Amino acid sequence: MTALIFDPVYWREVIKRPDWYFEFLDFFRKHETGLKGEELDQFRYDCRQFFEQALQKGGVALASKGPNLDEQRQPVDTIVIHHTSNHPGYRLTYLNAVHLLNIYAPYFANPIDQQEKSLKGEPLWSGHFKDGKQVFWGYHWLMRMDGTPTRLLDDNQLGWHAGNWEINRRSVAICLDNDYEKQNPSDNILQKLAAHIKDHYPNVESQNIIGHCEAREGTICPGGHFLSEWKPKLLERLR
Ligand SMILES: [Zn+2]
């Protein structure tokens, strides 16, 4: 049934408008609260996959220029760990759509910073480009299950990932490509993560290596047993 809720033919027209996100956010929230379980998962997937493809084809109205949203970037002194809360093999193009819809669209619909009030209704803009395309990722790295780190944002780019502006300004986000709500990362992943942190961020102090749940209360990210079980193991490997 949910395939009928999201009508790609209709939305293909809507997303040509610079302020498409007002209509989309209303639509998305309305259905998110009305659906449950598998139907809800399917609905979210249908929306996100549509945007994933539309972004790749250039079908979504985006700004081609805009303010420097990295202006408040600070030197990196904090690392925030996340998980995708999905099956391994998360597509970077899909992640791009998820962060466009979950982070940038709500912010442009309701900008908090006084100086950014004028963004409201403007086409979405991150100012971050990769391979000539604008990207909306909030993370700096995605670490795959074999421990391979993929670079997303550069360290001088401000990622909107922690739900905490002060922390966003000074942190890099490393996301693990799995769902760790109930299970924990393997020793191998923790080893690779520790090595990656040592390699790239040797000056970050261990008390500033935190989980998303420590930057913003109420999220389970990066996992249900992060604080009690695997954060101590990670820190031990960093000594
Ligand atoms: Zn997170």
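Residues numbered from 1 in each chain as written. Predicted model: local features only at pLDDT ≥ 70, side-chain atom pairs only at ≥ 80, totals over all residues. Heavy atoms only, no water.

Describing the nonpolar core
As a rule of thumb, nonpolar side chains are buried together in soluble globular proteins. Formally: The set of buried Ala, Val, Leu, Ile, Met, Phe, Trp, Tyr and Cys residues whose side-chain atoms join them within 4.5 Å is what this entry labels a nonpolar core. Buried means the residue's accessible area, taken with a 1.4 Å probe over protein chains only, is under 20% of the maximum for its type, while exposed means over 50%, and partly exposed covers the values in between. Helix and strand assignments come from DSSP, with helices taken as H or I runs of at least 4 residues and strands as E runs of at least 2, each series counted from the N terminus. For the domains described, the bounds stem from an automatic or database domain assignment. Residues count as neighbours in contact if any of their non-hydrogen atoms are within 4.5 Å of one another.
Ranked by internal contacts, the top residues of the largest apolar core, which has 36 residues, are Trp20, Phe24, Phe51, Leu100, Phe108 and Leu124. Of all the secondary-structure elements, those providing two or more residues to this core are helix H2 (8-14), helix H3 (20-34), helix H4 (37-57) and helix H5 (92-109). It is H5 that contributes the most residues to this core, 8 residues altogether. For this core, the domains that each give at least three residues are domain 1 (2-57) and domain 2 (78-90 + 105-237). The contact partners of Trp20, leaving out residues within four places of it in the chain, are Val14, Ile15, Phe51, Val60, Ala61, Leu100, Leu101 and Leu124. Counting 21 residues, the second-largest nonpolar core is a separate cluster that includes Tyr180, Leu193, Ile197 and Leu234.

Focus: the pairing of strand E1 (residues 78-83)
Which entries qualify depends on this criterion: A pair of strands counts as paired when DSSP detects no fewer than two bridges linking them.
Of all 6 residues in E1, 6 are buried; the element is thus mostly enclosed. Here E1 runs beside strand E6 (residues 171-176); their pairing, made up of 6 bridges, is parallel. Bridge pairing links Ile79 to Val172 in E6. Sheet topology note: the E1/strand E7 (residues 209-211) ladder contains 3 bridges and is parallel. Counterpart to Ile81 in the pairing with E7 is Gly211.

Regarding the layout of surface pockets
Inclusion rule: The rule is simple: put a 1 Å grid over the protein atoms alone, call a set of points where a 1.4 Å probe fits but cannot get out a cavity, call an open set with protein on both sides within 12 Å along at least five of seven lines a pocket, and count a residue as lining if it has an atom within 4 Å of a point. Grid points are joined across faces, edges and corners, and a volume is the space filled by probe spheres set on the points. Residues were grouped as follows: Ala, Val, Leu, Ile, Met, Phe, Trp, Tyr, Cys and Pro as nonpolar; Asp, Glu, Lys and Arg as charged; and all remaining residues, including Gly, as polar.
When its volume is computed, the largest pocket comes out at roughly 1500 Å³. Taken together, 45 residues form the lining of the largest pocket, with Val98, His99, Asn102, Ile103 and Tyr139 sitting closest to its centre. Elements with a minimum of two residues in the lining of the largest pocket: H3, H4, E1, H5 and helix H6 (165-170). With 8 residues, H5 is the single largest residue contributor to the lining of the largest pocket. Across the lining of the largest pocket, the residue classes break down as 18 nonpolar, 17 polar and 10 charged. For the lining of the largest pocket, the two domains that each supply at least three residues are domain 1 (2-57) and domain 2 (78-90 + 105-237). Reported here for the second largest pocket is a volume of approximately 310 Å³. Forming the walls of the second largest pocket are 16 residues, and the residues nearest its centre are Leu55, Asn96, Lys133, Gln134 and Val135. Those elements that provide at least two residues to the lining of the second largest pocket are H4, H5 and strand E3 (133-134). Here the lining of the second largest pocket is composed, by residue class, of 6 nonpolar, 6 polar and 4 charged.

Let's talk about the side chain of His128
With respect to the helices, strands and loops of the structure, His128 is situated in the loop between H5 and strand E2 (129-130). If near-sequence neighbours (up to four positions away) are discounted, His128 is found in contact with Asp70, Tyr104, Lys133, Gln134, Val135, Leu153, Gln157 and Leu158.

Regarding the domain arrangement of the chain
Selection rule: Accessible area that two parts lose when put together, with a 1.4 Å probe and added across both, is what the buried area reports.
According to the domain assignment, the chain contains domain 1 (2-57) and domain 2 (78-90 + 105-237). For domain 1 and domain 2, the distance between their C-alpha centroids amounts to 25 Å. Counting residues at the interface gives 9 residues for domain 1, matched by 11 residues for domain 2. In total, domain 1 and domain 2 occlude about 710 Å² of area from one another, counting both sides; carbon and sulfur atoms represent 72% of this. Residue assignment for the side of domain 1 that touches domain 2 shows that the elements contributing at least two residues are H3 and H4.

Some words on the coordination of the zinc ion
In plain terms, the rule: Keep in mind that water is not among the atoms, so a site may look incomplete; donors are the N, O and S atoms within 2.8 Å of the metal, or 3.2 Å for Na, K and Ca.
Those donors, His82 (ND1), His212 (ND1) and Cys221 (SG), are the protein atoms that reach the zinc ion, and they lie 2.1 to 2.2 Å from it. Sequence spacing of the donor residues for the zinc ion, all on one chain, is H-x129-H-x8-C. Of the two residues examined, His212 and Cys221, each falls in the buried class.

Observations regarding unusual backbone geometry
Cis rather than trans, the peptide bond between Cys221 and Pro222 has omega equal to 10°. Positioned with a positive phi, Ser85 is a non-glycine residue whose angle comes to about 55°. Following the sequence through the fold, Ser85 ends up in the loop between E1 and H5. Phi is positive for Asp131, close to 50°, though the residue is something other than glycine.

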